[in-house]
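One letter stands for each residue in the lines below.
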Amino acid sequence: MSEPSIFSRIISGEIPASVVWQNERLIAFHDIAPRAALHLLIVPKTEIYANVTDLAAGDPQLLAEMVATAATLAREHANGEYRLVFNSGASAGQTVFHVHAHVLAGALTEESLA
Ligand code: 5GP
């Protein structure tokens, strides 16, 4: 058995996070190192999908729910406009191999690309 991901440890409550929303399948919380005025992470509660390619193949409905959740949270926490980023692979900047979407909004710069 591999160790639970850092996000699974947040989902279980072992590690605190600033959670803004959750349901049975997804959780959303503020990134610990924000790169925009609003920087949320949307994370499936299962860690069986390492990246968005695996998620799209294995559970496209869950991916669609993540996109819908991003739009809702961007309306609630910003002006409704947002950048949605999925880093896939270490050389693309992925550091946590438990699929997650970055929702960035407000005064975006190129450095906001997660
Ligand atoms: P990645 O680099 O894999 O696309 O994104 C991982 C993100 O998780 C990074 O933006 C990083 O700041 C965030 N992160 C890593 N550890 C924690 C943590 O313990 N709590 C929170 N809230 N965010 C974290």
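These notes cover the structure that comes with them. (Residues numbered from 1 in each chain as written. Predicted model: local features only at pLDDT ≥ 70, side-chain atom pairs only at ≥ 80, totals over all residues. Heavy atoms only, no water.)

The subject of this paragraph is the layout of surface pockets. In this approach a probe as big as a water molecule rolls over the atoms, and the regions it shows empty are the leftover space. Computed from the structure, the largest pocket encloses a volume of approximately 340 Å³. At the level of secondary structure, the elements contributing two or more residues to the lining of the largest pocket comprise α1 (6-11) and β2 (26-30). Ranked by the residues each element gives to the lining of the largest pocket, the list is headed by α1, at three residues. Class assignment of the residues belonging to the lining of the largest pocket gives a composition of twelve nonpolar, eight polar and two charged. (1 Å grid on protein atoms, 1.4 Å probe; cavity = no way out; pocket = protein on both sides within 12 Å on 5 of 7 lines; lining within 4 Å. Points joined across faces, edges and corners; volume = space filled by probe spheres on them. Helix = DSSP H or I, 4+ residues; strand = E, 2+ residues; numbered from the N terminus. Nonpolar A, V, L, I, M, F, W, Y, C, P; charged D, E, K, R; others polar.)

With that settled, consider the nonpolar core. The biggest cluster of nonpolar side chains holds 17 residues, and the ones touching the most others in it are Ile42, Leu55 and Met66. Secondary-structure elements contributing two or more residues to this core are β2, β3 (38-44), α2 (52-58), α3 (60-77) and β5 (101-105). Among the elements that line this core, the one with the most residues is α3, at five residues. Excluding residues that lie within four positions of it along the chain, Leu55 makes contacts with Tyr49, Pro60, Leu62, Leu63, Met66 and Val99. Counting seven residues, the second-largest nonpolar core is a separate cluster that includes Ile10, Ile27, Leu41 and Val96. (Core = buried A, V, L, I, M, F, W, Y, C linked by side-chain atoms within 4.5 Å. Buried < 20%, exposed > 50% of the residue type's maximum accessible area, 1.4 Å probe, protein only. Contact = heavy atoms within 4.5 Å.)

Here His77 lies in helix α3. The exposure class of His77 is partly exposed, given its relative accessible area of 36%. Sequence separation of His77 and Gly106 is 29 residues, and the distance between their C-alpha atoms is 9.6 Å. Look past the residues within four positions of His77 in its chain and what remains in contact with it is Val20, Leu38 and Leu40.

Sheet architecture is open: five strands sit in the order β1-β2-β3-β5-β4, paired in antiparallel fashion. With one partner strand each, in any of the chains shown, β1 (19-22) and β4 (83-85) form the two edges of the open sheet. Strand-to-strand twist of the sheet, defined as the mean angle between neighbouring strand axes without regard to direction, takes the value 20°. Here β4 pairs with β5 via three bridges, running antiparallel. (Pairing = 2+ DSSP bridges. Axes fitted to C-alpha atoms, helices over the stretch in contact; angles between N-to-C directions.)

Turning to the side chain of His100, a few remarks are in order. Residue position: His100 is located in the loop between β4 and β5. On the accessibility criterion, His100 (7% relative accessible area) is buried. Engagement of the side chain of His100 in a polar contact is seen with the backbone oxygen of His98, the distance being 2.8 Å. Excluding anything up to four places from it in sequence, His100 contacts Phe7, Leu41, Ile42, Val43, Met66, Val85, Phe86 and Gln94. (Polar contact = N/O pair within 3.5 Å; in protein donor to acceptor, adjacent residues only side chain to side chain.)

Let's shift gears to the site of the ligand. Neighbouring the ligand are 17 residues, the closest being Asp31, Arg35, Asn87, Thr95 and His102. Gly93 places a main-chain nitrogen or oxygen 2.8 Å from an oxygen atom of the ligand. For the ligand, an oxygen atom lies 2.7 Å from a polar atom in the backbone of Thr95. Calculation on the ligand without its partners gives an accessible area of 520 Å², and the protein chains cover 86% of this total. When each cavity is represented as a set of grid points, the ligand is found to reside in the largest pocket. Elements with a contribution of two residues or more to the shell around the ligand: α1 and β2. (Near = heavy atom within 4 Å. Areas by Shrake-Rupley, 256 points an atom, 1.4 Å probe, with all protein chains shown as cover. Sits in = over half its atoms within 2 Å of the grid points.)

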